[in-house]
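Descriptive structure summary
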Amino acid sequence: MLKLVALLMGVCLCQPPQSVVRLSVAEAAAEVDRLFERSWHSAGVRPAALSADEEFVRRLYLDLAGRIPAVSEVRQFLGDVRADKRSVLVESLLDSPAFVRHFTILWRNALIPEAFSDPANRQLVPGFEAWLWSQFSSGVPYDRMVRDLLTVRLDTAADGGAALRAASSPAAFYVIRQQRPENLAAGTSRSFLGVRLDCAQCHDHPFDRWKQGQFWSLAAFYSGLSPLDDEVQMRTSAVERRDSRRISIPDRDQTVEAAFLEGELPDWSTNRSAREVLADWVTSGRNPWFSRMAANRVWALFMGQGIVHPVDDFSENNPASHPEVLQLLADQLVAHDFDLKFLVRTITATRVYQLSSRQTDDSQSDPLHFARASVRGLTPEQLFDSLAEATGYYQPYRTENPFVISAETPRATFLELFRDEGDSPLQKETTILQALAMMNGEFVDAATSLENSQTLSGIVDFPLMTDEERLETLFLAALSRRPSASERAAMLQYVQQSEAAGAALADVFWALLNSSEFMLNH
Amino acid sequence: MTMQRISRRRLSGLSGLSLLGASLSGWLPRLAAQVQQSGQRSGRSCILLWMPGGPSQMETFDPHPGHENGGPTKSIETSVPGIRIAEHLPKLAGQMQDLALIRSMTTKEGDHSRATYYLRTGYLPQGPLTYPALGSLVGRALQREEADLPACISINPFRALSPSAFTAGFLGPAWSPLVVASETSADAEVSFRVRNLKPAARLSGGEVDERLRLLGVLEQSFLADRPDVPGRSHVQSYERAVRMMKSESVEAFELEQEDEVLREAYGRNPFGQGCLLARRLVERGVPFVEVSLSGLTDGAGPGWDTHANNFEAVGDLCGVLDPAWSTLLTDLRQRGLLENTLVVWMGEFGRTPKINENSGRDHWPGSWSAVLGGGGIRGGQVWGAVSDDGLEVRENPVRVPDLMATICRALGLDPAATNLSNIGRPIPLADHGAAAIEQLLV
């Protein structure tokens, strides 16, 4: 096994591209499932059952639309008798604006994770989101999107800073890294190649093969940029020397020439800027780091954890759990011209994605096996948009840029409180302040008061429903499922014994919204 | 195929399930008993007086009268012969026997954001590594198992300079500071509240308990088959939140229980009353409390950033700092808490020794002051010295990791003890190469 991993990791860029057969979604998904079955079998793992429709519809909405489904959407899906209704739903969600919006947020988190830690950087977030939005809404292939990012014009001296002020720009990727060549080298290799070179900035990597010289050779591609030491400079006088290809290693009497990760020297004969040459190499279909990293990232978005985990840490000491699956997805991504939706279709069509999160055997407990669906934290945006969906809260937004939200809205307050510096959604933790806000805060309180809640008052006041039907509707609104027999009994007893059935239903709704089942994806 | 990976943060079992599932009334009396017992606390605590913006060393603990860089600020005698501090801190001067002044802090970080991160975490911001704030590190290391208040409480933080320097970083949200903000009423009464601590007024106590019982039903059925970290953490933090809501320890926030004369002595302002709250929290066993002095009113900006009008502005802030801090020391001493409570005073950097054209001082990381006092510290001394013009450290330079190591040691912690970080690398409490200042430690 390790030998195979080493072999896969060691693929050299100079090697000619292997001929890969282009598979259909169904074929690729079947192949992934076949590989998993083989690995479960050899590891003695008994996978969880296939998810029920209720479980699946909630997960799919959260993963593709960034929110839970409405009651009507759940009912429609549960009532659909077509055999292929799961893939039909995938297609319809992939076509929705909600998908573009959700993917925008996910990729913003992936590409500029540090943006929220500095107040100056925060201003750049809406522009970055608008840029991502335009990429996803027009279906730009992933390689072209990354190429755009890596080659965006940054000459503020030439254009008076127009590019940086643009309503839609990937410039935040550079600005949060202060436009420093070393930060950009680390960010590029980590975000797009899955290689953590950071350690090699100051010394040869202690556990890996990266040498300090290799790090700075990559940084040399960015040596034409002037580091942003203050904001004024960023706005007005950042000049890029497009042909700069050398950089000196700080505190060492040595300069190095730009070279790709494995040491190959670029072809400079084409009169292209250093960043353009770098972008060509990074985004090439022949660059195995690039396609593997992309496939691993998309896998992690849907499965909670990468086949290489952490998602951006490909190294000999951190082998892939299922290298053949990863290679298959990477190859197919290239074969399908870097269409991310192809990966989304394939992954969501696999049995491994569609497993239940309910653990039925101890062998399913290690997330490394992907033998049951993971239980994962929501992004703050997923959480608030789900709360809004469940409670019938109308979200006003600004038409000129839906990503600019005023700091005073309930949404902004929520996003701030639930913003997580954390890493893996499988390790998501809740703070006391978050718990208090959900339990006693104004927003949830209004949503669970008979006077103010759309959903609740609609259900309580609707004359033709029995208490049991009211209960069931509240469950569908919050958890996208009907209550179990024991839940039904406990809740119904509570409602029917109360003096005011409306207030008792409000209590049930409060409990539903505060449950981990509501606040997590599973 | 089998590869073992260890969950980074272990959570203490499924205790939450039992609490939420069981009748809440059952464990309330038990909590009350615990609170009474915890009156005699044994552990150590730390109070950090955080000065956002970077206080001027020249107008506080390292005055240079007679030199043009010293400006108009005079120095005064203290209770320790030979040690003189700025005239703005007369009450504190009387407590010098319990304070150790460090006059040789030195860093290269003159940017608010980076410097704030550095001084509050002990590390420079570095790519994907999210370092925990000192309070989270200390809180986690010193928290008692049965505590019903959070391990780290931050009073009136001014976070805008570096929001990530106010988080638990890779320790995880369970250790993030509980933020408490002051509110000053029209008649200048300062009070503190934890947001959302009280359920809506229309709900009776019985109804709140019923809601929690229903929640327990849901949690039990969901978590029984899904024993993963996110769900367990969710229940655990609800349990902690409920425990706090119901705990008698939250009476710590009710400052009106205090003697009027004492409240007056601390100063009737957000910082003064914040210091009083800090004492009340430490008294109830909270291992780390920080109080920020950002300005003279609620929610004011980083007042120590005195680029203009430095002398008057620092004088005004010291008018708040001096009575609050000196009363805090006296109060802790009288209650027998001082020997176990370390009090730290610092900002992210100092101010330029040269006075600018606006009678201001600008950012100066090269040579500035910080102060340690109380538990674990040998007071009545000065460590390090700067040149006559204040521009250079002349003796015993102290780097940030050295300061962190000294704080750890004063609290009985090993600075080399590590936590596993978000990138899987063990990170020591104080950075590699840190050397505690032995001469300042008891």
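Preceding this paragraph is the structure being described.
A brief structural summary.

Conventions we followed
Sequence positions are assigned chain by chain, starting from 1 and proceeding in written order. Key to labels: chains lettered from A, ligands numbered from 1, both in the order written. pLDDT decides what is reported in this predicted model: residues at 70 or higher carry local features, side-chain atom pairs at 80 or more are listed and counted, and totals for whole chains, interfaces and linings draw on all residues regardless. Side-chain numbers come from the whole structure's heavy atoms, not from hydrogens or water. Note on conventions: DSSP H or I runs of at least 4 residues are helices, E runs of at least 2 residues are strands, and numbering of each starts at the N terminus. Type-normalised accessible area, obtained with a 1.4 Å probe on protein chains alone, sets the label of each residue: buried when under 20%, exposed when over 50%, and partly exposed for intermediate values. Residues are treated as being in contact if the distance between any of their heavy atoms lies within 4.5 Å. The method behind every accessible area is Shrake-Rupley, applied with a 1.4 Å probe, and residues are considered shielded solely by the protein chains displayed. One requirement defines pairing of two strands: DSSP has to find at least two bridges between them. In this analysis, axes come from line fits to C-alpha atoms, helices being fitted only over the stretch in contact, and the angle between any two N-to-C directions falls in the range 0 to 180 degrees. The labels follow the angle: roughly parallel below 35 degrees, roughly antiparallel above 145, roughly perpendicular from 65 to 115, and oblique for the rest. Amino acids are sorted into nonpolar (Ala, Val, Leu, Ile, Met, Phe, Trp, Tyr, Cys and Pro), charged (Asp, Glu, Lys and Arg) and polar (every other residue, Gly among them). Once two parts are put together, the accessible area they lose, assessed with a 1.4 Å probe and summed over both, is termed the buried area. For this document, the term salt bridge refers to a Lys or Arg side-chain nitrogen within 4 Å of an Asp or Glu carboxyl oxygen.

1. Overview of the overall build of chain A
Helix and strand counts for chain A come out as 28 helices and 4 strands. A buried classification covers 60% of the 522 residues belonging to chain A. Long-range pairs, those at least 24 residues apart, make up 71% of the contacts in chain A between residues at least 6 apart in sequence. Here chain A displays about 20600 Å² of accessible surface, and carbon together with sulfur accounts for 52% of that area.

2. Here's the deal with the sheet that holds strand β13 (residues 381-383) of chain B
All names here are of chain B. Strand order in the open sheet formed by 9 strands is β7-β6-β5-β8-β1-β9-β12-β4-β13, with mixed pairing between adjacent strands. The open sheet is flanked by β7 (190-193) and β13, the only strands paired with a single partner. Neighbour-to-neighbour, the strand axes of the sheet open up by a mean angle of 20°, direction not taken into account. Of the strands in this sheet, β1 (45-50), β5 (152-155), β6 (178-184), β7, β8 (288-292) and β9 (341-346) are in contact with helix α9 (residues 270-283), which crosses β8 at around 175°.

3. Quick look at the packing of helix α17 (residues 288-303) of chain A against helix α18 (residues 323-335) of chain A
Residues and elements named next belong to chain A. Relative to each other, α17 and α18 sit at 110°, their axes nearing to 8 Å. On the basis of the axis angle, α17 is roughly perpendicular to α18. Listed contacts from α18 to Ser-291, Arg-292, Ala-294, Ala-295, Asn-296 and Trp-299 of α17 are Val-325, Leu-326, Gln-327, Leu-329, Ala-330, Leu-333 and Val-334. Of the residues that constitute the contact of α17 with α18, the class distribution is 9 nonpolar, 3 polar and 1 charged.

4. Comments concerning unusual backbone geometry
Residues and elements named next belong to chain A. Going from His-309 to Pro-310, the amide bond is cis rather than trans, its omega being -5°. Following the sequence through the fold, Pro-310 ends up in the loop between α17 and α18. Notably, Phe-338 is not glycine yet its phi reads approximately 60°, a positive angle. If you trace the backbone, Phe-338 turns up in the loop between α18 and α19 (340-349).

5. So, the interface of chain B and chain A
Taken together, the 65 residues of chain B in the interface contact 67 residues of chain A. Interface area, chain B with chain A, both sides summed: about 5600 Å², of which 59% is carbon and sulfur. Taken together, the connections running from chain B to chain A amount to 4 salt bridges. Asp-507 of chain A serves as the salt-bridge partner of Arg-211 of chain B, at 2.7 Å between the closest nitrogen and oxygen.

6. Notes on the side chain of His-234 of chain B
Topologically, His-234 of chain B is positioned in helix α7 (residues 229-246). Taking the relative accessible area as the measure of exposure, His-234 of chain B reaches 1% and is therefore buried. Among all residues touching His-234 of chain B, those that are not within four sequence positions of it are Thr-430, Asn-514, Ser-515, Ser-516 and Met-519 of chain A together with Glu-219 of chain B.

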